[in-house]
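Topology and contacts: notes
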Amino acid sequence: MNLLSAVLASLLFVVALNLSGGDGEKYFAAGLGLTICTTFISYVITFPRLVVLRRKYPDVTRPYAVPGGRAGAWFVTALATGFVAFTVVVLIWPGFGVGWFGTEGSAAASLPEAFAGERLQYTLSQVLPLLLFLVTGLVFYALGAKTRRAKG
């Protein structure tokens with residue numbers, strides 16, 4: 001599995017390097033944005049499990065709990081997931097939300113300095129590797145269908 005991770009990571013870095021035109025500053029900005037984005041995407045998937053676990057295993061003793069029962073769990077889940085999902089969108093499209101709630105500024109000014117004026121190039125440096133992650137995950141999910149059926 002480590003070999004597969006290394007191959008996938010190398011492939012993603014080659015894609016990012018090509019999308020950044022070989023510019024080290026762009027490459028770093030794209031890699032950093034992608035790293036933070038993928039970390040936050042895992043939280044978008046994880047937070048809703050609170051509600052699922054509360055529903056499936058309501059009587060399990062937990063060292064800590066969200067107050068308010070199911071309504072409290074739903075509220076905290078929606079709030080946390082919403083903030084993290086918003087962050088993922090902003091990481092992919094810097095400047096999203098600029099001008100909301102009376103804030104001022106330009107969405108274009110929110111791009112990393114290395115990508116100033118190159119919104120499409122930056123967005124592609126984030127979206128294409130994320131799509132590669134998604135496709136790879138779906139391929140392995142499909143390949144594991146037989147094993148899941150056998151264990152199920």
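In this report, we go over the structure that sits alongside the text. Treat the numbers as computed from the prediction; the structure is a model and nothing was measured. Here the residue numbering is sequential within each chain, running from 1 through the sequence in written order. Two thresholds apply to this predicted model, a pLDDT of at least 70 for residue-level local features and 80 or more for giving and counting side-chain atom pairs, whereas whole-chain, interface and lining totals are computed over all residues. Excluding hydrogens and water, the side-chain values take into account all heavy atoms of the structure.

Thoughts on the overall build of the chain
Our working definition: Here a strand is any run of E in DSSP of at least two residues, a helix any run of H or I of at least four, and the numbering for each starts at the N terminus. Based on C-alpha atoms, the radius of gyration is set beside the globule rule, defined as 2.2 Å times the residue count to the power 0.38. It only takes one pair of heavy atoms within 4.5 Å for two residues to be counted as in contact. For the area figures, the Shrake-Rupley method with a 1.4 Å probe applies, and any residue is considered shielded solely by the protein chains shown.
Along the backbone of the chain there are six helices and zero strands. Starting at the N terminus and ending at the C terminus, the chain contains elements arranged as α-α-α-α-α-α. For the chain, whose C-alpha radius of gyration is 19 Å, the value lies well above the compact-globule estimate of 15 Å for 152 residues. Counted over contacts in the chain with a minimum sequence separation of 6, partners at least 24 positions apart contribute 58%. In the form shown here, the chain has an accessible surface area of approximately 10,400 Å², with 71% of it arising from carbon and sulfur atoms.

Digging into the packing of aromatic side chains
Ring pairs (aromatic) are described by centroid distance and by the angle formed between their planes. Formally: Stacked, tilted and edge-to-face are the three classes assigned to paired rings of Phe, Tyr and Trp, where Trp is represented by its six-membered ring and a pair needs centres within 6.5 Å; plane angles under 30 degrees give stacked, over 60 edge-to-face, the rest tilted. In this scheme, Lys NZ or Arg CZ marks a charge over a ring once it lies within 6 Å of the ring centre and within 35 degrees of the ring normal.
Considering all chains together, one arrives at seven aromatic pairs under this definition. Aromatic side chains Phe40 and Tyr43 sit 6.1 Å apart centroid to centroid with 85° between the ring planes, which places their arrangement in the edge-to-face category. In this pair, Phe40 and Tyr43 are both assigned in helix H2 (residues 24-46), three residues apart and thus about one turn of the helix distant. Between Trp100 and Phe101, the ring centres sit 6.3 Å apart and the planes meet at 80°, which makes this aromatic pair edge-to-face. By the ring-pair criterion, three or more aromatic residues cluster together here, those being Phe86, Phe96, Trp100 and Phe101. If you follow Arg119 out to its NZ or CZ, it ends over the ring of Trp93, 4.2 Å from the centre. Of note, Arg148 hangs over the ring of Tyr141, and the distance from its end group to the ring centre comes to 3.6 Å.

Describing the environment of Pro129
Here is the rule: A 1.4 Å probe rolled over the protein chains alone gives each residue an accessible area, and that area as a share of the maximum for its type sets the label: buried under 20%, exposed over 50%, partly exposed in between.
With respect to the helices, strands and loops of the structure, Pro129 is situated in helix H5 (residues 119-143). For Pro129, a relative accessible area of 0% translates into the label buried. As for Pro129 and Ala73, which are separated by 56 residues in sequence, their C-alpha atoms are 33 Å apart. Not counting chain neighbours up to four residues away, the residues in contact with Pro129 comprise Leu12, Leu19, Leu34 and Leu124.

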